[in-house]
Amino acid sequence: MPLRYRYKLLVLTLCCLLGSTAAMAQVEPDTVKRKRELPTRPTVEPQQQRHPPVTQPQPQPEVIRPQVVRPGEEAPKALIDRMFWGGSFGLQFGTFTNISLLPVVGYRASETFWLGIGGVYHYRSFRGERMHNYGGRVFAQQQIFENFLIHGEFEQLSVELPLMNYNTGVYEFSRRFIGIPMAGLGYRQKIGERGAADILLLYNFNDSYASPYSNPVIRAGFSFPFRK
């Protein structure tokens, strides 16, 4: 190749190289600047927000509130605090000798109204013969004044009766059941804080031959609470 062509080729090659270098130098700052402007990803990610652990509510012990009693009202009482025990006895002399024992268990529905149940036992003597009666009764009492009360009761008794055998002229005994309603007045005297002693004057509405009572019927009794 002639020498002048070699010079031209060399010059053309140098021009191409210079043009490429200038273009690269112009493009590189823009690329670097664009890279610097881009947001960079943080090297440490923020911790995720932690929620406090959920605790189950604990059951609270039941609070027993005291009952409020208004002025003039009576505080409620348990059943045992309204119950009482006691009894009465009776003495009667005449054609018939009659000794009565009457244990009771009762309930004070209020301070003035009492009711209850009880047993009945009679020892009777008639012309040297001894008889025994037994049974049960229910009663109610209503206080009308400070110390006076009304008393009513009903007895169901198994009584032993002497009957004359006219063929032999000897008394023979037979047993039967009878009902005896009685009512009357009484006087009550307190014993201590809640005890009481009663004297009763009663009328027997079944004043028949089979009845162990003759009018009037007089009794003395007492009563005491189960729990003070």
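Just above, that's the structure.
Residues numbered from 1 in each chain as written. Predicted model: local features only at pLDDT ≥ 70, side-chain atom pairs only at ≥ 80, totals over all residues. Heavy atoms only, no water.

1. Brief notes about a nonpolar patch on the surface
Now for step 1: Taken together, Ile144, Phe145, Phe148, Ile150, Leu185, Tyr187, Ile199, Leu201 and Ile218 make up a surface patch of nonpolar side chains, about 900 Å² in accessible area.
Now for step 2: Secondary structure elements with two or more residues in the nonpolar patch: strand 5 (148-165), strand 6 (170-191) and strand 7 (195-204).
Now for step 3: Along the chain, phenylalanine 145 falls in the loop between strand 4 (129-143) and strand 5.
Now for step 4: You can call phenylalanine 145 exposed: its relative accessible area is 57%. (Patch = residues over 30% accessible without salt bridge, like charges linked within 9 Å, V, L, I, M, F, W, Y side chains within 5 Å. Areas by Shrake-Rupley, 256 points an atom, 1.4 Å probe, with all protein chains shown as cover. Salt bridge = Lys/Arg side-chain N within 4 Å of Asp/Glu carboxyl O. Helix = DSSP H or I, 4+ residues; strand = E, 2+ residues; numbered from the N terminus. Buried < 20%, exposed > 50% of the residue type's maximum accessible area, 1.4 Å probe, protein only.)

2. Some remarks on the layout of surface pockets
Now for step 1: Size it by volume and the largest pocket reaches roughly 300 Å³.
Now for step 2: Forming the boundary of the largest pocket are 15 residues, of which Glu111, Trp114, Gln143, Lys190 and Glu193 lie nearest the centre.
Now for step 3: Contributing elements (two or more residues each) for the lining of the largest pocket: strand 6 and strand 7.
Now for step 4: With three residues, strand 6 is the largest single contributor of residues to the lining of the largest pocket.
Now for step 5: Looking at the lining of the largest pocket residue by residue, the class counts come to two nonpolar, five polar and eight charged. (1 Å grid on protein atoms, 1.4 Å probe; cavity = no way out; pocket = protein on both sides within 12 Å on 5 of 7 lines; lining within 4 Å. Points joined across faces, edges and corners; volume = space filled by probe spheres on them. Nonpolar A, V, L, I, M, F, W, Y, C, P; charged D, E, K, R; others polar.)

3. Remarks on the packing of aromatic side chains
Now for step 1: Under the counting rule described, the total for this entry stands at six aromatic pairs.
Now for step 2: For the ring pair phenylalanine 148 and tyrosine 187, a centre distance of 5.3 Å and an interplane angle of 70 degrees mean the geometry is edge-to-face. On the criterion of sequence distance, the pair formed by phenylalanine 148 in strand 5 and tyrosine 187 in strand 6 is long-range, its members being 39 residues apart.
Now for step 3: Plain terms: the ring middles of phenylalanine 222 and phenylalanine 224 are 5.7 Å apart, the flat faces sit at 50 degrees to each other, and that makes the pair tilted.
Now for step 4: Residue phenylalanine 224 is classed as partly exposed on the basis of its relative accessible area of 28%.
Now for step 5: Taken together, the aromatic side chains of Trp85, Phe222 and Phe224 make up a single cluster linked through ring pairs.
Now for step 6: If you follow arginine 108 out to its NZ or CZ, it ends over the ring of tryptophan 114, 4.4 Å from the centre.
Now for step 7: A cation sits over an aromatic face here: arginine 188 above tryptophan 114, 3.8 Å from the ring centre. (Phe/Tyr/Trp six-rings, centres within 6.5 Å; stacked < 30°, edge-to-face > 60°. Lys NZ or Arg CZ within 6 Å of the ring centre and 35° of its normal.)

4. Considering the pattern of salt bridges
Two side chains bearing opposite charge may form a pair once their charged atoms approach each other closely.
Now for step 1: Considering all chains together, one arrives at six salt bridges under this definition.
Now for step 2: We note a salt bridge from arginine 227 to aspartate 81, for which the minimum N-O separation is 2.8 Å. With a gap of 146 residues between them, arginine 227 in the segment after strand 8 (217-225) and aspartate 81 in helix 2 (residues 79-82) connect regions that are remote in the sequence.
Now for step 3: Of the charged contacts in the structure, one is a salt bridge between arginine 137 and glutamate 153, with a shortest N-O distance of 2.7 Å. Note that arginine 137 is positioned in strand 4 and glutamate 153 in strand 5, a separation of 16 residues in sequence.
Now for step 4: The exposure class of arginine 137 is buried, given its relative accessible area of 8%.
Now for step 5: Classification of glutamate 153 as buried rests on a relative accessible area of 6%.
Now for step 6: Connected through salt bridges with shared partners, the residues Arg137, Glu153, Glu155 and Arg219 form a single ionic network.

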